[in-house]
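# Coordinate analysis (summary)
Next come the chains, spelled out residue by residue.
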Amino acid sequence: MGTERDNSICFSFGVIADIQYADVEDGYNFMKTRKRYYRNSITLLSEAVEEWNKDCMPPSFILQLGDIIDGLNAQHKASKKALKNVMQEFKKSKADIHHIWGNHEFYNFSRHCLMSSALNSQHLGNSMTPASSNRVNSNVGEDKQETFYCYDFCPFPSFRFVVIDCYDLSTLGREDCSKKYQESLKIIRKINKNEDLNNPEGLGAAKQRFVQFNGGLSQDQLEWLDEVLSYSDENQEKVIVVGRFCVPYYSRNIFNENIPSY
């Protein structure tokens, strides 16, 4: 955090990820390799918000990159309460919060619930691109089971941020009768022959992403993204695409990298 304002800076923004709050005792991650401090995570969030607010050049916005509460909350029937506690801390922020959805969001809530929750920040999209305008208009008649969560916004002239839905193509959060659920299951089972589809054992590094806690972008979303990026290219904009997955880490990759035919 700076103490003197740099007038050459166009804007700044904050980033936070994997808060994974739960009002439970400390534990470990799925692989038992890293300790998790579930209750203390909300204290760290509070400290982050405090730092952002008092900076001499406060961030224009904050990117919350997913897994805001831990999946343990669902087991304790505490998902709504946990989310409320975390959002109370975010409300103290002077900057708008843009939310990304990760697998832990879907462990706690259905996609339908998330679309009508405080974690839907699509209202912060301020894009005037043809792709985004068409998407807003098409949402009226869209099948709610197949919808995806995405938008773009410009915090400063010639800069565009694009929020994508990395669990658009996923078995998480969707009804098992939906087309995207069935398509996702086929993609996973084509590669992953384990009984537990969350188990990457035997898949090899490049194919470990084909597990149920991962996801991907549907063809509809890819076409929307292509239109937005084409518009930005034509208008010489700098673009940052914001999603849940880290591309270089194979087991966390989206399905879309070299999806097999089926």
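Anything mentioned here points back to the structure above.
The following refers to the structure shown. Counting restarts for each chain: residues are numbered from 1 in the order of the written sequence. Predicted model: local features are reported for residues with pLDDT of at least 70 only, side-chain atom pairs are reported and counted for 80 or more only, and whole-chain, interface and lining totals are derived from all residues. Think of the side-chain values as coming from all heavy atoms in the structure, minus any hydrogens and water.

### Overview of the overall build of the chain
The test is simple: Strands are runs of DSSP state E lasting at least 2 residues, helices are runs of H or I lasting at least 4, and numbering of each runs from the N terminus. Each residue is placed in one exposure class: buried if its accessible area under a 1.4 Å probe, protein chains only, is under 20% of its type's maximum, exposed if it is over 50%, and partly exposed if it falls in between. Per-residue accessibility takes into account occlusion by the displayed protein chains alone, with areas from the Shrake-Rupley method and a 1.4 Å probe.
Scanning the chain from terminus to terminus reveals eight helices and eight strands. Counting only residues that meet the buried cut, the chain has 46% of its 262 residues in that class. Summing over all exposed atoms, the chain offers an accessible surface of approximately 14,200 Å²; the carbon and sulfur share of this is 50%.

### Some thoughts on the pattern of salt bridges
The following threshold applies: A carboxyl oxygen of Asp or Glu within 4 Å of a side-chain nitrogen of Lys or Arg is what we treat as a salt bridge.
Within this structure, the stated rule accounts for twelve salt bridges. Put simply, Glu89 and Lys92 hold a salt bridge, and the shortest N to O gap is 3.2 Å. Note on Glu89: relative accessible area 14%, which makes it buried. Put simply, Arg160 and Glu237 hold a salt bridge, and the shortest N to O gap is 2.7 Å.

### Digging into the packing of helix 1 (residues 41–54) against helix 3 (residues 79–90)
Helix packing for two helices is described by the angle between their axes and how far apart those axes are. Where we set the bar: Lines fitted to the C-alpha atoms define the axes, with helices restricted to the stretch that makes contact. Angles between their N-to-C directions range from 0 to 180 degrees. Comment on the angle field: the value is read as roughly parallel under 35 degrees, roughly antiparallel over 145, roughly perpendicular from 65 to 115, and oblique elsewhere. Crossing handedness follows the turn of the near helix against the far one: under a right angle anticlockwise gives a left-handed crossing, and clockwise gives a right-handed one. Contacts are assigned to residue pairs with any non-hydrogen atoms lying within 4.5 Å of each other. Each residue receives one of three labels: charged for Asp, Glu, Lys and Arg, nonpolar for Ala, Val, Leu, Ile, Met, Phe, Trp, Tyr, Cys and Pro, and polar for the others, Gly being one of them.
For the pair helix 1 and helix 3, the least separation of the axes is 9 Å and the interaxial angle reads 20 degrees. Accordingly, the angle class assigned to the pair helix 1 and helix 3 is roughly parallel. Relative to helix 3, the crossing made by helix 1 is right-handed. Residues Ile42, Leu45, Ser46 and Val49 of helix 1 lie in contact with helix 3, whose contacting residues are Asn85, Val86, Glu89 and Phe90. Its residues assigned to classes, the contact of helix 1 with helix 3 shows five nonpolar, two polar and one charged.

### Quick notes on unusual backbone geometry
We note that Ser158 has phi near 75 degrees; this positive angle belongs to a residue other than glycine. Relative to the elements of secondary structure, Ser158 occurs in the loop between strand 6 (151–156) and strand 7 (159–163). Classification of Ser158 by relative accessible area gives partly exposed; the value is 38%. Not every positive phi belongs to a glycine, and Gln236 is a case in point at roughly 55 degrees. Considering the arrangement of structural elements, one finds Gln236 in the loop between helix 8 (219–234) and strand 8 (238–242).

### Digging into the sheet that holds strand 1 (residues 13–16)
How we decide: Criterion used throughout: strands pair if DSSP finds at least two bridges between them.
Judged by pairing direction, the sheet is parallel, and its three strands sit side by side in the order 1-4-5 without closing on themselves. The two strands at the open ends of the sheet, each matched to only one other strand, are strand 1 and strand 5 (96–99). Mean inter-strand twist for the sheet, computed between neighbouring axes without regard to direction, equals 20 degrees. Against the sheet, helix 1 touches strand 1 and strand 4 (61–64), its axis set at about 175 degrees to strand 1.

### Some points on the side chain of Asn108
What counts here: Between N or O atoms, a polar contact is any pair within 3.5 Å; within protein, one atom must be a potential hydrogen donor and the other a potential acceptor, and residues adjacent in sequence are included only when both atoms are from side chains.
Tracing the chain through its elements places Asn108 in helix 4 (residues 103–108). Engagement of the side chain of Asn108 in a polar contact is seen with the backbone nitrogen of Ala74, the distance being 3.2 Å. Beyond its immediate stretch of four places on either side in the chain, Asn108 contacts Ile69, Asp70, Gly71, Asn73, Ala74 and Ser79.

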